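# Chains, contacts and geometry: an overview
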Amino acid sequence: HPRGREPLPGVRLATPNGREAARLVRDDEPARLRDTARVARKLLDRWRALGVAVTLGSGGALLVELDGSPFHVPAPHVPEADACGAGDRFAATAATMLAEGASNAEAVEAGVRSASAFVAGGGASAFARNLAGPASGGDNATTSFSQISTFSRISTAADRHTGAARLLAESR
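Residues numbered from 1 in each chain as written. Predicted model: local features only at pLDDT ≥ 70, side-chain atom pairs only at ≥ 80, totals over all residues. Heavy atoms only, no water.

### A short note on the overall build of the protein
Within the protein one finds 6 helices and 3 strands. Start at the N end of the protein and walk to the C end: the helices and strands fall as α-α-β-β-β-α-α-α-α. A burial count over the protein gives 37% of its 172 residues as buried. Considering only intrachain contacts with a sequence separation of at least 6, the fraction spanning at least 24 residues in the protein is 54%. For the protein, the accessible surface area stands at approximately 9,800 Å², while carbon and sulfur atoms represent 53% of it. (Helix = DSSP H or I, 4+ residues; strand = E, 2+ residues; numbered from the N terminus. Buried < 20%, exposed > 50% of the residue type's maximum accessible area, 1.4 Å probe, protein only. Contact = heavy atoms within 4.5 Å. Areas by Shrake-Rupley, 256 points an atom, 1.4 Å probe, with all protein chains shown as cover.)

Here it is as structure tokens:
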């Protein structure tokens with residue numbers, strides 16, 4: 001988060017968006033993937049992270065790890081919609097995948113797919129409508145329960161992963 005703390009040293013995957021990443025290294029917002037990779041490498045070194053996935057909105061995400069070339073995961077085309085919450089959906093999905101044993105690349109791919117589906121489904125505004133119920137055009141008896149169940153699963157796995165990362169960092 002732009003106003004939050006920096007990630008713990010040795011974090012497995014940090015997920016800033018392009019604007020946040022550029023601001024953190026006092027650079028212009030990257031216009032090309034090559035520029036994004038340069039900014040991500042600076043953050044990788046600064047945070048002593050194992051991976052940095054810079055989210056690029058409709059452009060997907062770019063993963064940079066200690067070894068290997070940058071890995072770009074393009075986002076599928078979705079109609080213009082409310083993107084509020086897409087970055088959170090990306091991060092929560094990636095954390096869940098990592099907690100379940102996925103590689104950083106697999107986690108980033110799943111995060112891009114999940115965030116894209118979230119935006120295609122109407123984003124945070126659709127979630128709010130579904131929680132509000134039928135009077136607001138939502139179906140709180142089915143959709144919101146399914147979404148809450150998914151968010152609960154993601155949150156639980158993310159909490160386990162965060163706790164494990166904190167314990168690992170404290171043991172060093």
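### What about the packing of helix α3 (residues 86–99) against helix α4 (residues 104–120)?
Closest axis-to-axis distance for the α3/α4 pair is 7 Å, and the angle between their directions is 145 degrees. Considering how the two elements wind past one another, α3 and α4 form a crossing that is right-handed. Contact residues: A86, R89, F90, T93, A94, M97 and L98 in α3; N104, E106, A107, V108, A110, G111, V112, S114, A115, F118 and V119 in α4. Class assignment of the residues belonging to the contact of α3 with α4 gives a composition of 12 nonpolar, 4 polar and 2 charged. (Axes fitted to C-alpha atoms, helices over the stretch in contact; angles between N-to-C directions. Left-handed = near helix turned anticlockwise from the far one by under 90°. Nonpolar A, V, L, I, M, F, W, Y, C, P; charged D, E, K, R; others polar.)

### Side note on unusual backbone geometry
Positive phi, close to 50 degrees, is recorded for R48, a residue that is not glycine. Position of R48 relative to the elements: it lies in the loop between α2 (33–47) and β1 (51–55).

### Examining α4
The end-to-end C-alpha separation of α4 is 24 Å, in line with the 24 Å expected for 17 residues at 1.5 Å each. Looking only at α4, the buried set comprises N104, A107, V108, A110, G111, V112, S114, A115, S116, F118 and V119. (Expected span 1.5 Å × (residues − 1).)

### As for the environment of A115
Relative to the assigned elements, A115 resides in helix α4. Of the residues examined, A115 reaches a relative accessible area of 11% and is grouped as buried. Along the backbone, A115 and A83 are 32 residues apart, and their C-alpha atoms lie at a distance of 8.6 Å. With residues up to four places along the chain from it excluded, the contact list for A115 reads A86, R89 and F90.

### Let's talk about the pattern of salt bridges
Using the criterion set out here, one finds 2 salt bridges in the structure. A salt bridge links E6 to R46, with the shortest nitrogen-to-oxygen separation between them at 2.2 Å. One end of the pair, E6, is in the segment before α1 (18–24); the other, R46, is in helix α2, and 40 residues separate them in sequence. In this structure R46 comes out as partly exposed when scored by relative accessible area, which is 40%. D35 is the salt-bridge partner of R32, the closest N and O atoms lying 3.4 Å from each other. For D35, a relative accessible area of 15% gives the class buried. (Salt bridge = Lys/Arg side-chain N within 4 Å of Asp/Glu carboxyl O.)

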